Amino acid sequence: MKFSELNLEDSVLDALDAMNFQECTPVQEHTIPVILEGKDLIGVAQTGTGKTAAYLLPVLNQLSKGGYPEDAINCIIMSPTRELAMQIDQQMEGFSYFMPVSSVAVYGGNDGIRFEQEKKGLTLGADVVIATPGRLISHLSLGYVDLSKSFFILDEADRMLDMGFSDDIMQIVKYLPKERQTIMFSATMPTKIQQLAKTILHDPVEVKLAVSKPAEKIIQAAYICYEAQKLGIIQSLFQSQQPERVIIFASSKLKVKEVTKALKRMKLNVGEMHSDLEQSQREEIMHEF
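What counts and how
- Residues numbered from 1 in each chain as written.
- Predicted model: local features only at pLDDT ≥ 70, side-chain atom pairs only at ≥ 80, totals over all residues.
- Heavy atoms only, no water.
- Helix = DSSP H or I, 4+ residues; strand = E, 2+ residues; numbered from the N terminus.
- Contact = heavy atoms within 4.5 Å.
- Core = buried A, V, L, I, M, F, W, Y, C linked by side-chain atoms within 4.5 Å.
- Buried < 20%, exposed > 50% of the residue type's maximum accessible area, 1.4 Å probe, protein only.
- Polar contact = N/O pair within 3.5 Å; in protein donor to acceptor, adjacent residues only side chain to side chain.

A few points about the environment of Ile35
Then step 1. Looking at the element boundaries, Ile35 is found in helix α2 (residues 26-36).
Then step 2. The spacing of Ile35 and Thr199 is 164 residues in sequence and 19 Å in space, taken between C-alpha atoms.
Then step 3. Setting aside residues up to four positions removed in sequence, Ile35 forms contacts with Ala54, Tyr55, Pro58, Gln181 and Ile183.

Next comes the structure, spelled out in structure tokens:
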């Protein structure tokens, strides 16, 4: 299905056209019409399926029609990590290019100057706030944030619960109006996610997409080996085919540094990212990637 076949405003379609987005992914095709109807939704979809656009596009579509207060926050998007919050914020900038819709990203791990900038955006009333739970609660507790007219979106809800944010989410919900549209996306549907959905969603539509399959075009493989063999396998993978863009996850900071050194010796363009780095350094690595 093409985006032009959905009931989207011209300003949204213009942004999609400028970004060369024409065909919907399955998750977008199934969820955008539901969100446009104003219904609560729980979407089960993995990373890489286009779920960020699946909730951003219909929410921006509704906001672009007007009728929402200019001095209040109209949509809260919760993210488990600051990196994902930044990624959502970047997509938000692209999709809202032709619309008078404002946004602010609110996440920890940075200095007092940024906190003041966030405070300014929250006080003036950004249309869309993309936030990590802990940082948003820091602002809420100071009493200058008005969430009385919000859409409420939880992205990667299962990760948020795995990271221990359940109480934080429920605390944020207390600040929200009962009359709101709540949208929740999760890669899995364990019991704790079902319980959260029952608590904060009202009669939601469920959309489940191929939970057990990897995203299209991704090959899954496993190598059973000893610890000492891992580095050699990684090196041989890169020798057999030249990588274009790769993310390697390791179990510790030490391991990240070890793998980085080994790949640099292979003359590969490598950056490392871990908690020994300042937030600005992490952002620079993500930007370079």
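Section: the nonpolar core
Then step 1. Of all hydrophobic cores here, the largest spans 40 residues; its most connected members are Phe3, Leu8, Tyr55, Leu57, Ile77, Val128 and Ile183.
Then step 2. Listed by contribution, the elements that provide at least two residues to this core are α1 (10-18), α2, α3 (51-64), β2 (75-78), α4 (82-95), β4 (128-131), β5 (151-154) and β6 (181-186).
Then step 3. The element that contributes the greatest number of residues to this core is α3, accounting for eight residues.
Then step 4. When neighbours within four sequence positions are excluded, Tyr55 is seen to be in contact with Ile35, Ile77, Ile88, Ile153, Asp155, Ile183 and Phe185.
Then step 5. Counting residues in hydrophobic clusters, the runner-up holds 35 residues, among them Leu136, Phe165, Leu176 and Met189.

A word on the side chain of Asp155
Then step 1. Tracing the chain through its elements places Asp155 in the loop between β5 and α7 (157-162).
Then step 2. A distance of 2.7 Å separates polar atoms of two side chains, one belonging to Asp155 and the other to Lys51.
Then step 3. If near-sequence neighbours (up to four positions away) are discounted, Asp155 is found in contact with Lys51, Thr52, Tyr55, Met78, Ser79, Pro80, Leu84, Ile88, Met160 and Phe185.

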